[in-house]
Amino acid sequence: MSTFDLLGQRHLSRRSLLGGGLAGAGLLLTGCAGDGATSSANRTFANEGEKWMQAKGTKLTFITENTPPSTGIKQLVDRGDFKKLTGIDVEILQYDLPVMLQKAELDLRSGGSSYDLIYGQDKPVTSVLADYFEDLRPYTADSSLPQAAEGYDEASWYPNYLAVSGYAYSERLITLPYDAADSVFCYRRDLFEKYGKQFEDEYGYALEYGPDSTYKNVLDIGRFFKKLHEQDATVPYGMGLHLGQFAWTTQLDIQRLLYAHGQWREFDIDDVQGSKNPGPTKWGDEQSIKGLELYKALFDTSTPDALSLGTVEVADAYNAGKLVMQSQFHEFAASFEAKTSAGGGGKTAYDICPKGDAEYLAGSGQLVNGTNCGIGGIGINAASSDEKKRAAWLFLAWSTSVDVQKENLAISGGTPTRVGVGEIAEIKAAEGKAFGTGDTGRVGPSDFPNALTFPAISKGMAAPNAVLGPKIPKFNQYVTIVGNEVQKMCAGQSSPEATAKAIKTQTDQLHGV
């Protein structure tokens, strides 16, 4: 049973926590030996409670995307949990990601300090603003600040989370992983079971899914259900894709498909550090063309309004019973499991993303279960005052701790980044029942629906399946190019080959190649 150190004085049980006792919890955060490189690091405190209260009376402002974990952390802040622990007020400003980025960029580039804490979504935000974030390494070694008992190394987070969100262009640690959106394959297991014999009679193999299921299998399934829909409109269409207006998830949709085939990547750069000068893109080569041919074939199994379905809209279409399957971000499991969803109540299965298929592989590269993500970290504005930075660290340490992330998961359907959350017995039990042909598939019901995806993301976000990048300063312009050209292709205005070459031409021009 998890317990909390209440300002170094007494303990709270999980029962007390869920009844509101978290408000005063010290979160198993203890002093850490170190030289102490942050301002006023030579100060000493009688106990952990004093460490937490060292910035009492401070007010912090946190600008963030309106993600489920940010909604959850706001509820914890609003009910007084953090202030009772620290004496610090925190104003949390939530916006859609493009608006949040615009506001943060205007402030940071001008040297402003309107926002002490910034939500660092790994590529759309930190790839653009990495130089304006404080280096967190001195804070992790400062014995005058509370430190997480779990530490901050890669192993304390889910696979690759720290690598994705913590670094850009240098060894500086710019954020701590705070929330995540990892791609998983979601499908209507009830419809797979209902139409299984009919599918097997037509295609010659079982209508089942697992880690060895390929994109060719998914294409077969998509075509099968689209044909059924044409005969009976109550049967959903096949595959849902990420198109619509949010170009980043269109790029992610295609990136994981391409990576599944030979581990293809857009640029020859280090995906952990990224590059301010990425050089020529590999778009336009044979693999990129084959990948777009496959993507277009999958698109043709989707709904008539597929071009307008962005990240949220394609999930809504699934909930409305219009789609049988999609690769979606794991935070959506809570929505899919809702009683109002067509796939709710255990009708949805969650598994690792499809494996590449030899038919669509150019060359002899490895076929993998291409998995990608958006990992949102929390960083500190380097332009804030030294005292504000120390206060901001307290919020980082608190909000990314195992116990607060567990509480956030319960409140908002959040997406924890600490691997220790998934090891809590109560959460482990919520992973549901094994399903499918491998060890990563799960079905509900579950008391913590997003936990149904944890086996899939644990394997998908690890080598050799995870694709992390690209981190480039002009990331948002790059994904806009990809999104626009893929929209044209799916609308029948361009071929896969012409699309791949158009993306190359524009991307190379973007980078002065």
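Structure shown above.
For the structure given in this document, a descriptive report is provided here. (Residues numbered from 1 in each chain as written. Predicted model: local features only at pLDDT ≥ 70, side-chain atom pairs only at ≥ 80, totals over all residues. Heavy atoms only, no water.)

The tally for this structure, following the rule as stated, stands at 27 aromatic pairs. Centre to centre, the rings of phenylalanine 82 and tryptophan 398 are 5.0 Å apart; their planes meet at 45 degrees, and the pair counts as tilted. Residue phenylalanine 82 is located in helix α4 (residues 81-86), and its partner tryptophan 398 is located in helix α16 (residues 386-399); the two are separated by 316 residues in the primary sequence. For phenylalanine 82, a relative accessible area of 1% puts it in the buried group. Ring plane angle 45 degrees and centroid distance 4.6 Å describe the contact between tyrosine 318 and phenylalanine 336, whose orientation is recorded as tilted. Note that tyrosine 318 is positioned in helix α14 (residues 311-319) and phenylalanine 336 in helix α15 (residues 333-336), a separation of 18 residues in sequence. Judged by its relative accessible area of 0%, phenylalanine 336 is buried. Aromatic ring contacts, followed pair by pair, group Phe185, Tyr187, Phe192, Tyr195, Phe199, Tyr203, Tyr205, Tyr209, Phe224 and Phe225 into a single cluster. (Phe/Tyr/Trp six-rings, centres within 6.5 Å; stacked < 30°, edge-to-face > 60°. Helix = DSSP H or I, 4+ residues; strand = E, 2+ residues; numbered from the N terminus. Buried < 20%, exposed > 50% of the residue type's maximum accessible area, 1.4 Å probe, protein only.)

Position of aspartate 122 among the secondary structure elements: in the loop between β6 (117-121) and α6 (126-129). Judged by relative accessible area, aspartate 122 falls into the buried class, the value being 0%. If we ignore the near neighbours within four places in the chain, the residues touching aspartate 122 are Ser127, Val164, Ser165, Trp248, Cys373, Gly374, Ile375 and Leu468. (Contact = heavy atoms within 4.5 Å.)

To continue, consider the environment of glutamine 198. Structurally, glutamine 198 can be placed in helix α10 (residues 196-203). The class of glutamine 198 is partly exposed, set by a relative accessible area of 39%. Each C-alpha atom, one on glutamine 198 and one on phenylalanine 224, is 9.4 Å from the other, the two residues being 26 residues apart in sequence. When near neighbours in sequence (up to four residues on either side) are disregarded, glutamine 198 contacts Phe224 and Leu228.

In this model, the largest pocket occupies a volume close to 640 Å³. Along its surface, the largest pocket is lined by 29 residues, and Glu65, Phe246, Thr311, Val312 and Glu331 are the ones closest to its centre. Among the secondary structure elements, those contributing two or more residues to the lining of the largest pocket are α5 (97-109), β6, β8 (176-188), α12 (247-260), α14 and β12 (373-380). Lining the second largest pocket are Leu97, Pro98, Leu101, Pro124, Gln245, Phe246, Ala247, Trp248, Asn476, Val479 and Thr480. Breaking the lining of the second largest pocket down by element, the ones donating at least two residues are α5, α12 and α21 (475-490). Its residues assigned to classes, the lining of the second largest pocket comprises eight nonpolar, three polar and no charged. (1 Å grid on protein atoms, 1.4 Å probe; cavity = no way out; pocket = protein on both sides within 12 Å on 5 of 7 lines; lining within 4 Å. Points joined across faces, edges and corners; volume = space filled by probe spheres on them. Nonpolar A, V, L, I, M, F, W, Y, C, P; charged D, E, K, R; others polar.)

Negative phi is the rule for most residues except glycine; trans is the rule for most peptide bonds. The residue after glycine 444, namely proline 445, is reached through a cis peptide bond having omega 10 degrees. Residue position: proline 445 is located in the loop between β14 (442-443) and α20 (454-460). Cis peptide bonds are those with omega within 30 degrees of zero, and the linkage from glycine 469 to proline 470 qualifies with 0 degrees. Along the polypeptide, proline 470 turns up in the loop between α20 and α21. The phi dihedral of asparagine 160 falls on the positive side, at around 70 degrees, and the residue is not glycine. Positionally, asparagine 160 belongs in the loop between β7 (147-148) and α8 (161-165).

Among the nonpolar cores identified, the biggest contains 146 residues, and Phe225, Trp283, Phe395 and Trp398 are the most heavily contacted of them. Beyond its immediate chain neighbours, meaning those up to four positions away, phenylalanine 395 contacts Leu60, Phe62, Ile73, Val77, Phe82, Val90, Leu117 and Ile378. (Core = buried A, V, L, I, M, F, W, Y, C linked by side-chain atoms within 4.5 Å.)

Moving on, we get to the pairing of β8. Burial analysis of β8 places 13 of its 13 residues in the buried class, which makes it a mostly covered element. In terms of strand pairing, β8 meets β12 through six bridges, oriented antiparallel. Each bridged residue has a counterpart across the sheet, and for alanine 180 the counterpart in β12 is isoleucine 375. For β8 and strand β10 (residues 323-329), the ladder comprises five bridges, and the chain directions are antiparallel. If you follow cysteine 186 over to β10, its bridge partner there is glutamine 326. Relative to strand β11 (residues 348-351), β8 runs antiparallel, the two being bridged by four bridges. Across the sheet, phenylalanine 185 pairs through a bridge with aspartate 351, a residue of β11. (Pairing = 2+ DSSP bridges.)

What follows deals with the side chain of threonine 440. Take threonine 440: it is sitting in the loop between β13 (433-434) and β14. A polar atom in the side chain of threonine 440 sits 2.4 Å from the side chain of aspartate 351. When sequence neighbours within four positions are dropped, the list of residues in contact with threonine 440 reads Pro211, Tyr350, Asp351, Ile352, Pro455, Ala456 and Lys459. (Polar contact = N/O pair within 3.5 Å; in protein donor to acceptor, adjacent residues only side chain to side chain.)

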